[in-house]
Amino acid sequence: MEKYITKSYSETVALAEKLAKDMPLGTVIGYLGDLGAGKTAFTTGLAKGLGIDADVSSPTFAICNEYKGNGKTLYHFDMYRIDGWDDLYSTGFFDYLETDAYIAAEWSENIYGALPDDAVIVDISKISDTEREFKICKKGEME
């Protein structure tokens, strides 16, 4: 497990941008963390690191936002309102897993059993109003 501390929004974006550059095509990222922890900020950096120029926003109402650029696609899911397998199937999540696209899933604790074993888990904790701790590992390595 890798641990990082960021002290601002811009540091969170920069961290994700750096990490994204080494992520293989089709990586699934599952976020764990409270409201306002920095999941969307991390996704902003992820998109930048993948070379996708997009205005990243929370997919709360859309369930899934799609960002394309640089020959890559990033699907950004919000699983907050997902309550069971039927809900998850209705999002099309499993269809997206069959592509080479990157998937970033907020509130992935609600779909944890559906995440692939090699999914990257990003567990975000608020330290203060501006500081965040990021614990990052593969799903199969969770403590």
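Refer to the structure presented above.
Structure report, in brief. (Residues numbered from 1 in each chain as written. Predicted model: local features only at pLDDT ≥ 70, side-chain atom pairs only at ≥ 80, totals over all residues. Heavy atoms only, no water.)

Turning next to unusual backbone geometry. In most cases, non-glycine residues show a negative phi, while peptide bonds are predominantly trans. The backbone phi angle of Asn 70 is positive, close to 55°, even though this residue is not glycine. Along the chain, the position of Asn 70 falls in the loop between strand 3 (64-69) and strand 4 (72-78). Despite not being glycine, Trp 107 shows a phi value in the positive range, around 55°. Take Trp 107: it is sitting in the loop between strand 5 (102-106) and strand 6 (120-126). (Helix = DSSP H or I, 4+ residues; strand = E, 2+ residues; numbered from the N terminus.)

Looking at where Ile 124 falls in the secondary structure, it is placed in strand 6. Assessed through its relative accessible area of 3%, Ile 124 is described here as buried. Beyond its immediate stretch of four places on either side in the chain, Ile 124 contacts Tyr 31, Leu 32, Gly 33, Asp 34, Ala 37, Gly 38, Lys 39, Arg 132, Glu 133 and Phe 134. (Buried < 20%, exposed > 50% of the residue type's maximum accessible area, 1.4 Å probe, protein only. Contact = heavy atoms within 4.5 Å.)

On the secondary structure map, Asp 78 appears in strand 4. Arg 81 provides the closest opposite charge to the buried, salt-bridge-free Asp 78, at an N-O distance of 5.8 Å. Here Asp 78 is in contact with Ser 58, Pro 59, Thr 60, Ile 63, Glu 106 and Trp 107, once residues within four sequence places are set aside. (Lys, Arg positive; Asp, Glu negative; His and termini not counted. Salt bridge = Lys/Arg side-chain N within 4 Å of Asp/Glu carboxyl O.)

Throughout the structure, instances matching the rule amount to 10 aromatic pairs. Look at Tyr 75 and Tyr 96: their rings are 4.2 Å apart centre to centre, the planes differ by 55°, and that puts the pair in the tilted class. In this pair, Tyr 75 is assigned in strand 4 and Tyr 96 in helix 4 (residues 93-97), connecting sequence segments 21 residues apart. A residue is classified by how much of its surface remains accessible, and Tyr 75, at 11% relative accessible area, is buried. We classify Tyr 96 as partly exposed; its relative accessible area is 22%. Relative to Tyr 89, the ring of Trp 85 has its centre 6.5 Å away and its plane inclined at 45°; by these criteria the two rings are tilted. You can see Trp 85 and its partner Tyr 89 sitting in helix 3 (residues 85-91), 4 residues apart, about one turn around the helix. With relative accessibility at 53%, the residue Tyr 89 sits in the exposed group. (Phe/Tyr/Trp six-rings, centres within 6.5 Å; stacked < 30°, edge-to-face > 60°.)

Next up on the list: the side chain of Thr 43. In this fold, Thr 43 is placed in helix 2 (residues 39-49). By relative accessible area, Thr 43 is classed as buried at 0%. Aside from chain neighbours lying at most four places away, what touches Thr 43 is Tyr 31, Val 56, Leu 74, His 76 and Ala 104.

The analysis is restricted to geometry; functional conclusions fall outside its scope.
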